[in-house]
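# Architecture and fold: a report
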Amino acid sequence: MSPWVVPPTSKYRCRAARVHENCRFRHFLTSPNRALDLRPAEPQATSILDSVDAHDPPRWRPGPPLAGRIKTIPDDFRVDEIPVYEPSGDGEHLFVRFRKTDLTTPRAVDALCRALGASKREAGWAGMKDRHAVTTQWVSLFGVQPEAALAAEVEGIEILEAIPHERKLKTGHLRGNRFELRVREVDDPDALVEALAALRVVPSYFGTQRFGRDNLERASAWLVDGGRPPRDRVQKRFLVSALQAAVFNSVVAERVRTRRLASGIEGDVLQTQRGGIFGADEDPEAQGRVDSGEVMPTAPLPGKDVRWATGEAGELERAAAEVWKIDDAAMGRMGKLGRGTRRGVLVRPVELEASREGDGVRVAFALPSGCYATVVMREVLGSVTSAD
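Everything numeric here is computed off the predicted structure, so don't read it as measured data.

### As for helix 6 (residues 233-257)
- For helix 6, with 25 residues, the first-to-last C-alpha span of 36 Å sits near the 36 Å given by 1.5 Å per residue.
- Burial runs high along helix 6: 19 of the 25 residues are buried.
- Here helix 6 starts with a cap whose side-chain oxygen sits 3.1 Å from the backbone nitrogen of Val 234, and that cap is Asp 232.
- In the stretch just after helix 6, Arg 259 is the one whose phi turns positive, near 60°.

### A word on the packing of aromatic side chains
- Tallied over the full model, the rule gives 6 aromatic pairs.
- With a centroid separation of 5.3 Å and an interplanar angle of 80°, the aromatic rings of Phe 206 and Phe 248 are classed as edge-to-face. Here Phe 206, found in the loop between strand 7 (202-203) and helix 5 (215-224), pairs with Phe 248, found in helix 6; they are 42 residues apart in sequence, far enough to count as distant. Take Phe 206 and Phe 248: they sit in the same class, and that class is buried.
- Centre to centre, the rings of Phe 206 and Tyr 372 are 6.3 Å apart; their planes meet at 70°, and the pair counts as edge-to-face. Placement of the pair is Phe 206 in the loop between strand 7 and helix 5 and Tyr 372 in the loop between strand 14 (360-368) and helix 10 (373-381), with a sequence separation of 166 residues.
- We classify Phe 206 as buried; its relative accessible area is 2%.
- Given a relative accessible area of 12%, Tyr 372 falls into the buried group.
- An aromatic cluster of at least three residues, connected via ring pairs, comprises Phe 77, Phe 179 and Phe 365.
- The positively charged end of Arg 259 is found above the aromatic ring belonging to Trp 60, 3.8 Å away from the centroid.

### Notes on the pattern of salt bridges
- Per the counting criterion, the structure on display carries 25 salt bridges.
- Ionic pairing is found between Glu 282 and Arg 307, a salt bridge with its closest N-O pair at 2.8 Å. In this pair, Glu 282 sits in the loop between strand 9 (277-279) and helix 7 (286-292) while Arg 307 sits in the loop between strand 10 (295-301) and helix 8 (311-323), placing the two residues 25 residues apart along the sequence.
- Notably, a salt bridge pairs Arg 362 with Glu 353, separated by 3.9 Å at the nearest N-O pair.
- Connected via shared salt-bridge partners are Glu 180, Glu 353 and Arg 362.

### Looking at the environment of Asp 130
- With respect to the helices and strands, Asp 130 occurs in the loop between strand 3 (124-125) and strand 4 (134-142).
- Asp 130 sits 29 residues away from Thr 101 along the chain, and the two C-alpha atoms are 9.4 Å apart.
- Sequence-distant contacts of Asp 130, defined by excluding residues within four places in its chain, comprise Lys 71, Phe 77, Val 79, Lys 100, Leu 103, Thr 135 and Gln 209.
- A polar contact of 3.0 Å, which involves the side chain of Asp 130, links it to the side chain of Lys 71.

### A word on the pairing of strand 10
- In terms of burial, strand 10 is a largely internal element, 7 of the 7 residues being buried.
- Two elements, strand 8 (residues 269-272) and strand 10, share 3 bridges in a ladder whose sense is antiparallel. What sits directly across from Leu 270, in strand 10, is Pro 297.
- Where strand 10 meets strand 11 (residues 341-344), 4 bridges bridge the pair, whose relative direction is antiparallel. Among the inter-strand pairings, Ala 299 is bridged to a residue of strand 11, identified as Arg 343.

### Some remarks on empty space enclosed by the protein
- Scanning the entire structure with this criterion turns up 1 cavity of 30 Å³ or more.
- In this structure, the largest cavity encloses a volume near 60 Å³.
- Glu 81, Pro 83, Val 84, Tyr 85, Pro 87, Phe 95, Ala 126, Trp 138, Leu 169 and His 173 together form the lining of the largest cavity.
- For the lining of the largest cavity, the residue count by class is 8 nonpolar, 1 polar and 1 charged.

Rules used throughout
Here, residues in each chain are numbered from 1, in the same order as that chain's written sequence. pLDDT decides what is reported in this predicted model: residues at 70 or higher carry local features, side-chain atom pairs at 80 or more are listed and counted, and totals for whole chains, interfaces and linings draw on all residues regardless. With hydrogens and water stripped out, all remaining heavy atoms of the structure feed into the side-chain values. Here a strand is any run of E in DSSP of at least two residues, a helix any run of H or I of at least four, and the numbering for each starts at the N terminus. Helix span, expected: 1.5 Å multiplied by one less than the number of residues in the helix. For every residue, the accessible area obtained with a 1.4 Å probe (protein chains only) is divided by the maximum for its type, and the residue is called buried under 20%, exposed over 50%, and partly exposed between those limits. Any pair of N or O atoms that falls within 3.5 Å is considered a polar contact. Within protein, one atom must be able to donate a hydrogen and the other to accept it, and sequence-neighbouring residues count only if both atoms are side-chain atoms. For this analysis, a ring pair means two rings from Phe, Tyr or Trp (six-membered ring only for Trp) whose centres lie within 6.5 Å, classed as stacked if their planes differ by under 30 degrees, edge-to-face if by over 60, and tilted for the remaining angles. To sit over a ring, a charge needs its Lys NZ or Arg CZ within 6 Å of the ring centre and within 35 degrees of the ring normal. When a carboxyl oxygen of Asp or Glu lies within 4 Å of a side-chain nitrogen of Lys or Arg, that pair is called a salt bridge. Any two residues whose heavy atoms approach within 4.5 Å at even a single point are treated as in contact. Note on pairing: two strands pair once DSSP finds at least 2 bridges between them. We place a 1 Å grid over just the protein atoms. Points where a 1.4 Å probe fits but has no way out form a cavity, open points with protein on both sides within 12 Å along at least 5 of 7 lines form a pocket, and any residue with an atom within 4 Å of a point lines it. Grid points are joined across faces, edges and corners, and a volume is the space filled by probe spheres set on the points. Under this grouping Gly is polar, as are all residues other than the nonpolar Ala, Val, Leu, Ile, Met, Phe, Trp, Tyr, Cys and Pro and the charged Asp, Glu, Lys and Arg.

So, in structure tokens, the structure goes:
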């Protein structure tokens, strides 16, 4: 039997079939991962795979959401990139650390390349940063002198450092990001501070940024229906990652619904703190290691090389893939842009601080790379209302 065929006895199969046609363009959105000392709410009665409107996935935190608004102005949402390494001081690639305001990362890099006469193709950056925000990050530019970069004047961008390095900066070469947010329009600042300070675990949903306005519809037209792909490689990567993220979010949402975000499901694939993965059935102490935070369950980002879970966990993953019509043909079209991998289903914000600031609340925390501050805030605020 193909690994893509859900066994007829699977309790997830009928759920997938009911939403097969209507659900493929829906956004199973966002939220992040850590240890479990919370008293979760009772499981919801209806599977997330039963719902055509599953673009608003369930929150892990029990209790009603609190009032608040983020990103009213760019300065309300500040992000600082945490690099894996510092530039060496020698080499043909110039690492430029810059602060941007109300710009996407690609637009900021384009502006820097134009101002410095650098090649866009040779430019590299570790990760995308929010547009409606004030963010700092590194970009590598080939053949640019430090003096020229430091003297450049680009609207919306402030150059902070310029240091040579031997190699181009690649996607994913960052440890994480530090966030500092201001929440406005708060009804009860003290309650919001208390709720934020108590956050320990958040589902590791992908945020709305991953899906854009129509990335899922365009991704399905190409990868699922076999339509014409975008010409631009970056756009191709966006579409592949959006469809992978939709499957991942669907699996995580079901685990949240059944209150098994950080407890084992038969056949789980677990991840160590260093990123290694293994099957839960390979270690008799697996659940104890999950409970202690030493390892965590994972969910798939589909691709031809992904390792699928087995047992009940595998049934859930295949049902989610079936909802989004991800089969061997779709994974083949992903090619090298989406070979497939796994991602932890939960995230633990660190260095978390929350305090009253005027009539609002200031909150700061750090997250691993690939995790979303808006997902963390959604756990407390419900819907993340912003100016975006």
